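One letter stands for each residue in the lines below.
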Amino acid sequence: MHAADAPAPPVDAIAAASHPNPYGYYQRLRERTPLYFDTGLNLWVAGSYAAIAEALVSPSLRVRPLSEPVPRALAGGPAGDVFANLVRMNDGAFHAAHKPSLRQRAQRWKMDQVARASCEATRALRPSLGANDFLTALPAQGMACLLGVPGPQLRQTTQWAHEFSAGIAGGASVEAVVLAHAAAAGLLAQGVALGLDAAQAANRIALMQQSLDATAALLGNTVHLLRQRPEMAEQIDAAPDLTRELVAEVVRWDAPVQNTRRFAAEDLVLCGERIREGEGLLLVLASANRDPALNPDPDRFEVLRPQRRHLTFGAGVHACPAEEIAIEIVAKCINTIRGEGTFDAYFGYILGYRSLPNVRIPVFAPSSTSVPSP
Ligand code: HEM
């Protein structure tokens, strides 16, 4: 590609998440402004490993603004009730009380159960979905199967999980919020029928909702890598156990969740900068993963990288409880599709990325073999 054809750098660290190649921009952030206030975004932006690692363990930084624990648009309905009970959206005593059981629930599955759920979901969904719909359908169906949702309820349940997830996202339309309330009510009723209390029922939903976009992104970014580097596809065909390692390096190298946010509950000093109560921070996890302070030769993609380190699944009290599950779902799905010999025909060339503020999900051109989704 000529320099003149190269895409313009992203306008800011949020646009970077859906940019074709944000990694040069992230490098400049780390080297010139590792922690700075972006007046356009009205957020502090942390790009270096040191700043992000310090933020993730700071007790002064919370996952929600103190003034708005539940987004105003959701308050007063079932989606707001679920949101209020999510471990992901709480700090302090509530988080401490409920995280251990959430972690236990997320880690109760053996990896061969996860692999089976991923393989079955791949075989059930792929023939009737185009590649882009498949990316998000796979983790939802895989998690619903693991949660024991009966076959006849699978379709409705995964649709609710998508609607809930879309409706609680920042900037969701009024219509999306209405759908999210109905979806939350349906999913909560399932939890009640299983004998769960309100917090347990909400965090059962989280096991599906948290998996959707992030795992779709990991799957999409792995597919994209394999399309670009056919020699690696050949390596995993010859040794399918290697796929897990390859996916683990994608986790670091092209992070599915590029950034996450924190809000100052009080004044604090972070990496020498004074942050005021109420201010927000964008922690660019994908940039930390490419920081030479975290990994030697960080821009190199190395399947068998020794002592790989990354912040893709967060760190500290809010660390994701499902890293192994996400990697297994994606690795098994890739091996299943490659084993069927349909991989290159199914996933067309990459057109760009979904326009999302934090998750990096590729968009593939329609392929010759997939049937358009309804
Ligand atoms: C590639 C896939 C995934 C990625 C990249 C990812 C990433 C993350 C990150 C970065 C956080 C912490 C957010 C923060 O501190 O601001 C998180 C939290 C969480 N994730 Fe994941 N996740 C993935 C898949 C999953 C799956 C499959 C599940 C469910 C089985 C899951 C369940 C959760 C839950 C429940 C939390 C909240 C934990 C807490 O707040 O204490 N994630 N995830």
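Throughout what follows, the structure given in this document is the object of discussion. (Residues numbered from 1 in each chain as written. Predicted model: local features only at pLDDT ≥ 70, side-chain atom pairs only at ≥ 80, totals over all residues. Heavy atoms only, no water.)

1. Some thoughts on the overall build of the chain
Within the chain one finds 14 helices and 9 strands. Its C-alpha atoms give the chain a radius of gyration of 20 Å, within 12% of the compact-globule value 21 Å for 374 residues. For the chain, the C-alpha atoms occupy an extent of roughly 55 × 55 × 35 Å along the three principal directions. For the chain, buried positions account for 53% of its 374 residues. Across the chain, the fraction of contacts at a sequence separation of at least 24, relative to all contacts at a separation of at least 6, is 67%. One finds the centroid of the 34 positive side-chain charges in the chain at a distance of 3 Å from the centroid of its 36 negative side-chain charges. (Helix = DSSP H or I, 4+ residues; strand = E, 2+ residues; numbered from the N terminus. Rg over C-alpha atoms; globule rule 2.2 N^0.38 Å. Buried < 20%, exposed > 50% of the residue type's maximum accessible area, 1.4 Å probe, protein only. Contact = heavy atoms within 4.5 Å. Lys, Arg positive; Asp, Glu negative; His and termini not counted. Charge placed at Lys NZ, Arg CZ, Asp CG, Glu CD.)

2. Things to note about helix α2 (residues 49-56)
Here α2 has its buried residues at Ala51, Ile52, Ala55 and Leu56. Seen from one end, α2 has its buried residues packed into an arc of 125°, which puts them on one side. (Arc of directions from axis to C-beta.)

3. Quick look at the pattern of salt bridges
All chains considered together, the criterion is met by 16 salt bridges. In this structure, arginine 126 and glutamate 340 form a salt bridge, with 3.2 Å as the shortest nitrogen-oxygen distance. Of this pair, arginine 126 sits in the loop between α5 (111-125) and α6 (131-146) while glutamate 340 is found in helix α13 (residues 323-340), placing the two residues 214 residues apart along the sequence. In this structure glutamate 340 comes out as partly exposed when scored by relative accessible area, which is 34%. (Salt bridge = Lys/Arg side-chain N within 4 Å of Asp/Glu carboxyl O.)

4. Examining the site of the ligand
Close to the ligand lie 27 residues, the nearest being Lys99, Thr260, Arg262, His318 and Cys320. In the model, an oxygen atom of the ligand is placed 2.7 Å from a nitrogen or oxygen of the arginine 262 side chain. The contact in question runs from an oxygen atom of the ligand to an N or O atom on the side chain of histidine 318, over 2.6 Å. Going through the elements one at a time, α4 (92-106), α9 (198-228) and β4 (260-264) are the ones with two or more residues in the shell around the ligand. Examining the composition of the shell around the ligand, we find that 6 residues originate from one element, α9, more than from any other. Along the lines of polarity and charge, the residues of the shell around the ligand split into 16 nonpolar, 8 polar and 3 charged. (Near = heavy atom within 4 Å. Polar contact = N/O pair within 3.5 Å; in protein donor to acceptor, adjacent residues only side chain to side chain. Nonpolar A, V, L, I, M, F, W, Y, C, P; charged D, E, K, R; others polar.)

5. Details of α5
Taking 1.5 Å of rise per residue, the 15 residues of α5 would be expected to cover 21 Å, and the 21 Å separating its terminal C-alpha atoms lies within 8% of that figure. For α5, the full list of buried residues reads Val114, Ala115, Ala117, Ser118, Cys119, Ala121, Thr122 and Leu125. The inward-facing, buried residues of α5 abut α6 and α13. (Expected span 1.5 Å × (residues − 1).)

6. Re the sheet that holds strand β7 (residues 280-283)
Ordered in space as β1-β2-β7-β4-β3, the 5 strands form an open sheet in which the pairing is mixed. Unpaired on one side and paired on the other, β1 (35-38) and β3 (61-62) mark the two borders of the sheet. Of the strand pairs in this sheet, β4 and β7 are connected by 4 bridges, and their pairing is antiparallel. Along β7, the bridge assignment pairs arginine 261 with leucine 282. Here α2 sits on the sheet and contacts β1, β2 (43-46), β3, β4 and β7; the angle it forms with β7, its principal contact strand, is near 125°. (Pairing = 2+ DSSP bridges. Axes fitted to C-alpha atoms, helices over the stretch in contact; angles between N-to-C directions.)

7. Focus on the coordination of the iron atom of the ligand
Of the protein atoms, Cys320 (SG) alone serves as a donor to the iron atom of the ligand, at 2.4 Å. Relative to the helices and strands, cysteine 320 resides in the loop between α12 (285-289) and α13. (Donors = N, O, S within 2.8 Å, 3.2 Å for Na, K, Ca; no water.)

8. Considerations on the side chain of asparagine 259
By the secondary structure assignment, asparagine 259 is in the loop between α11 (242-253) and β4. Within the structure, the side chain of asparagine 259 is placed 2.9 Å from the backbone oxygen of proline 357, a separation counted as a polar contact. Not counting residues within four places of it along the chain, the set of residues in contact with asparagine 259 comprises Ala13, Ala17, Leu282, Leu283, Val284, Leu285, Pro357 and Asn358.

9. Focus: the pairing of β2
The alternating pattern of β2 places Leu43 and Val45 on one face and Trp44 and Ala46 on the opposite face, and all of these are buried. Pairing geometry for β1 and β2, over 4 bridges, is antiparallel. The residue bridging tyrosine 36 from the neighbouring strand is valine 45, located in β2. The loop that links β1 with its antiparallel partner β2 comprises 4 residues; one of these, asparagine 42, has a positive phi angle of about 60°.

10. Comments concerning unusual backbone geometry
Notably, cysteine 271 is not glycine yet its phi reads approximately 45°, a positive angle. Inspection of the secondary structure puts cysteine 271 in the loop between β5 (268-270) and β6 (273-275). Residue class for cysteine 271 comes out partly exposed when judged on its relative accessible area of 36%.

11. As for the packing of α5 against α13
Contact pair α5 / α13: the axes reach a minimum separation of 8 Å and the direction vectors enclose 45°. It follows from the interaxial angle that α5 and α13 lie oblique. Where α5 crosses over α13, the handedness of that crossing is right-handed. Every residue of α13 that contacts α5 at Met111, Val114, Ala115, Ser118, Cys119, Thr122 and Arg123 is listed here: Glu324, Ile325, Glu328, Ile329, Lys332, Cys333, Thr336, Ile337 and Glu340. Here the contact of α5 with α13 is composed, by residue class, of 8 nonpolar, 3 polar and 5 charged. (Parallel < 35°, antiparallel > 145°, perpendicular 65-115°, else oblique. Left-handed = near helix turned anticlockwise from the far one by under 90°.)

12. Points about the packing of aromatic side chains
Taken as a whole and assessed by the stated rule, the structure comprises 8 aromatic pairs. Aromatic side chains phenylalanine 134 and tyrosine 346 sit 5.8 Å apart centroid to centroid with 80° between the ring planes, which places their arrangement in the edge-to-face category. Pair noted here: phenylalanine 134 is in helix α6 and tyrosine 346 is in helix α14 (residues 343-346), with a separation of 212 residues, a long-range link. Just as phenylalanine 134 is buried, tyrosine 346 falls in that class too. Among the aromatic residues, those joined into a ring-pair cluster are Phe134, Phe343, Tyr346, Phe347 and Phe364. Between arginine 360 and the ring centre of tyrosine 353, over which it is positioned, the NZ or CZ distance is 3.9 Å. (Phe/Tyr/Trp six-rings, centres within 6.5 Å; stacked < 30°, edge-to-face > 60°. Lys NZ or Arg CZ within 6 Å of the ring centre and 35° of its normal.)

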